Amino acid sequence: MGFAYPRFEFRAPPELGARAPARHPVVVIGAGPVGLSLAIDLATRGRNVVVLDDDDTVSVGSRGLCYAKRTLEIWDRLGCAAPMVEKGVTWQVGKVFFGERQVYAFDLLPEGGHRFPAFINLQQYHLENFLVERARATAGVDLRFRNKVAGIAPRGDGVGLTVETPQGGYSIDAEWVVACDGARSPTRRALGLDFKGRVFEDRFLIADVRMTADFPTERWFWFEPPFHNGGSTLLHKQPDDIWRIDFQLGWGADPEAEKQPERVIPRIQRMLGPDAKFELDWVSVYTFQCRRLERFRHGRVLFAGDSAHQVSPFGARGANSGVQDADNLGWKLAAVLAGQAPETLLDSYDSERVEAADENILNSTRATDFITPKNEASRRLRDAVLELAADQPFARRLVNSGRLSLPTAYARSPLSSPDEGSFAGGVPAGAPARDAPLMREGKPAWLLDLLKDGFSALYFAGADTPPDAVTAIAALANDPTPIRAAVVSRVAQAGLPVPTAIDESGLAFERYDAAPGTVVLFRPDQHVAARSRHLDPAALRRARDRALGKTP
Amino acid sequence: MTKLRTTPAPGNPDDLYEALVDARRDLDEAQAAALDAKLVLLLANHIGDVDVVREAIALARKR
Ligand SMILES: Cc1cc2nc3c(=O)[nH]c(=O)nc-3n(C[C@H](O)[C@H](O)[C@H](O)COP(=O)(O)OP(=O)(O)OC[C@H]3O[C@@H](n4cnc5c(N)ncnc54)[C@H](O)[C@@H]3O)c2cc1C
């Protein structure tokens, strides 16, 4: 039984037949993982959003499959991670083989005390189904399938869009447009923007096969396996007894011929052995590129996800980084729309996410260069690494079959304030929050749950916390842009006016390099804005205003 | 600032050179290239400083 693709019905939007175009605060073009995540984020922050998508179903066939811990944390904030993790296949061990030999194994999340696993595998259609369900249950998201954007006219104070539907066209006016319309982005083309980078001269056969097999739930990657002449191969488990197999075919391969079952089936049979029973679920042949737009903000039009940047899939950075774009943009756009931040805050979306895209492109390019050496000389070096890796720990670290997606710490962010006092490690400004297990009201809880509502501050308290101090930070919740404070303490604290969590394991203190008195301010996307060794409400307000892009 | 040491190292230079030559005495072109690749990786890791390695690469690429 294959996946039953839903057909989302067309509902005539109110603009059809209207005389003047309706004006909306935000229109998102594209209901892929990025557009849907952004829409849910904006609506959760109280901003109405229209999502236009030209299709009437979820992603078809084999595409994204690995979703990283940070992305799951974002979806948890958006209220939809639990069903994904439940449906998904959780894994954290990867093995690398060279020829017949295993040369390397890695554990992606060697430390405990995180709510979410390092990675889950989940077919993109399941993922999008969960996101659509969540979007539909979120007040303020107006999700319109079979609404194709056919024209875009940016102006100084907004953007005009023309939309085609099965029942005719209409115009719509938006204060802001976010183009989440994928790698082929019609918006990018309509604006005539360059999309520069590298094409990798290689082809990959991506097959999803259905079988019951008792391989462990690990990522297996082969360089030059005996069953596949010359190329690399990847095996990965997905839900519903579906396995993802990638074969590197080389640039000379004929994509049409390679897709035919009479070619694909024997190839897989050689890999799995003559007795393996399997069915093909989906087969496609891809080439990959690494490229990005020069800028992600063009006046009132912003680009997020594949429309803004593309990477090779080694490292699972496509959707993961796109959702992290949405995470970065959502709160900023919401703050601008609410009049709490100047428009220029959106320039920091550009600078922070360009930094992230460059990091992703760099990682993905390096992995691709390792997997597909560009000439004989570099192949020799690569093979030397693989041969040494069998016995030499240093060489194992050089093996690169994809450095799996980690979130970017915005090291140069204009929104970050300098440390007050000295820190040795911990989570510096610009970096994403690190989760830790806590106890609240006698029940297990997670640190990230304290950071789900706008700006938040964690006050790491000692045994004799002065109640005045806590009263002073509690008052920050009454600001026009509130900061919601919580106390984290190693010992029980009674009667404090803010949520209080107990750090029994000490992991929260350790992960933030905290001592009694340490305060950490988080942006609404859970990245650190500022940290200090002592509590100063005025400094917290200044750091918040800086994170809102207000010049002092 | 250069970090790569290019002054002669202590020890017998002929011993050093002989060790490098002996290592490839019975190797063909491809085997020797594979050997050199492994040697580079081992020694670069031993040096452990990418700036030093970059300097060495720059000198080695000079014609
Ligand atoms: C083989 C393969 C493996 C991958 N593996 C991974 C992985 O393991 N992990 C990972 O994170 N990523 C992976 N990716 C990448 C991932 O699939 C993409 O990065 C992701 O889908 C990008 O999401 P998006 O929302 O930006 O764009 P898309 O998913 O492409 O969505 C764009 C949407 O815009 C709509 N649209 C386009 N034009 C218009 C228009 N004119 N009007 C209205 N709507 C429009 C489209 O219908 C579509 O729904 C993989 C990709 C491939 C091909």
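Residues numbered from 1 in each chain as written. Chains lettered and ligands numbered in written order. Predicted model: local features only at pLDDT ≥ 70, side-chain atom pairs only at ≥ 80, totals over all residues. Heavy atoms only, no water.

Caption draft 1: Spatial organisation of the sheet that holds strand 5 (residues 93-98) of chain A. All names here are of chain A. Reading across the sheet, the eight strands line up as 6-5-13-14-15-12-16-19 and stay open at both edges, with mixed pairing between neighbours. Because the sheet does not close on itself, it has two edges, and the strands there are strand 6 (101-107) and strand 19 (309-310). Sheet topology note: the strand 16 (residues 279-292)/strand 19 ladder contains two bridges and is antiparallel. If you follow R292 over to strand 19, its bridge partner there is H309. The sheet contacts of helix 9 (residues 345-371) involve strand 12 (196-210), strand 13 (219-223), strand 15 (242-248), strand 16 and strand 19, and relative to strand 16 the element is tilted by about 120°. (Pairing = 2+ DSSP bridges. Helix = DSSP H or I, 4+ residues; strand = E, 2+ residues; numbered from the N terminus. Contact = heavy atoms within 4.5 Å. Axes fitted to C-alpha atoms, helices over the stretch in contact; angles between N-to-C directions.)

Caption draft 2: View of the pairing of strand 23 (residues 483-489) of chain A. All names here are of chain A. Strand 23 sits mainly inside the fold: six of its seven residues count as buried. Sheet topology places strand 22 (residues 455-461) next to strand 23; seven bridges connect them, and they run parallel. Among the inter-strand pairings, L458 is bridged to a residue of strand 23, identified as A486. In terms of strand pairing, strand 23 meets strand 24 (residues 500-502) through three bridges, oriented parallel. (Buried < 20%, exposed > 50% of the residue type's maximum accessible area, 1.4 Å probe, protein only.)

Caption draft 3: Up close: the pattern of salt bridges. All names here are of chain A. Scanning the model with the defined rule gives 55 salt bridges over all chains in all. Taking the shortest distance from any N to any O, the salt bridge between R155 and D173 comes out at 3.2 Å. On the criterion of sequence distance, the pair formed by R155 in strand 9 (residues 148-155) and D173 in strand 11 (residues 168-179) is long-range, its members being 18 residues apart. Where D479 meets R544, a salt bridge forms, and the shortest distance between an N and an O atom there is 2.7 Å. Of this pair, D479 sits in the loop between helix 12 (467-474) and strand 23 while R544 sits in helix 14 (residues 537-547), and the two are 65 residues apart along the sequence. For the residue pair D479 and R544, the accessibility class agrees, reading buried in each case. (Salt bridge = Lys/Arg side-chain N within 4 Å of Asp/Glu carboxyl O.)

Caption draft 4: Molecular detail of the interface of chain A and chain B. Each partner contributes residues to the interface: chain A has eight residues there, and chain B has seven residues. For the pairing of chain A and chain B, the buried interface totals around 740 Å² over both sides, and the portion due to carbon and sulfur atoms is 84%. Its largest share of buried area at the contact with chain B, chain A owes to R380(A), L388(A) and F394(A), together 58% of the area lost on that side. Inspection of the region where chain A meets chain B yields one salt bridge. Here K38(B) makes a salt bridge to E387(A), at a shortest N to O gap of 2.8 Å. Viewed at the interface, chain B and chain A are joined by one residue pair in polar contact (both at pLDDT 80 or more). Sort the elements by how many residues they give to the side of chain A that touches chain B and helix 10 (residues 376-389) of chain A lands first, with six residues. Of the residues belonging to the side of chain A that touches chain B, the class tally is six nonpolar, no polar and two charged. (Buried area = accessible area lost by both parts, 1.4 Å probe. Polar contact = N/O pair within 3.5 Å; in protein donor to acceptor, adjacent residues only side chain to side chain. Nonpolar A, V, L, I, M, F, W, Y, C, P; charged D, E, K, R; others polar.)

Caption draft 5: Focus on the packing of helix 2 (residues 69-77) of chain A against helix 8 (residues 318-337) of chain A. Residues and elements named next belong to chain A. Relative orientation of the contacting elements helix 2 and helix 8 amounts to 40°, with a least axis distance of 9 Å. On the basis of the axis angle, helix 2 is oblique to helix 8. Our pair here, helix 2 against helix 8, has a crossing hand that is left-handed. In contact with R70, T71, I74, W75 and R77 of helix 2, helix 8 contributes N320, V323, Q324 and D327. Across the contact of helix 2 with helix 8, the residue classes break down as three nonpolar, three polar and three charged. (Parallel < 35°, antiparallel > 145°, perpendicular 65-115°, else oblique. Left-handed = near helix turned anticlockwise from the far one by under 90°.)

Caption draft 6: Broad picture of the site of the ligand. Residues and elements named next belong to chain A. With respect to spatial proximity, 29 residues lie near the ligand, and among them D53, D54, C66, Q124 and D306 are the closest. Side-chain polar atom of D306 to an oxygen atom of the ligand: 2.8 Å apart, as the coordinates give it. Secondary-structure elements contributing two or more residues to the shell around the ligand are helix 1 (33-44), strand 9 and helix 8. By residue number, the principal contributor to the shell around the ligand is helix 8, which donates three residues. Considering only residue class, the shell around the ligand consists of 14 nonpolar, nine polar and six charged. (Near = heavy atom within 4 Å.)

Caption draft 7: View of the domain arrangement of chain A. Residues and elements named next belong to chain A. Partitioning chain A into domains gives domain 1 (22-84 + 121-194 + 291-367) and domain 2 (437-547). Counting residues at the interface gives twelve residues for domain 1 and 13 residues for domain 2. Between domain 1 and domain 2 we count two salt bridges in total. Note that E352 and R523 form a salt bridge whose closest N and O atoms lie 2.8 Å from each other. (Domains from an automatic or database assignment.)

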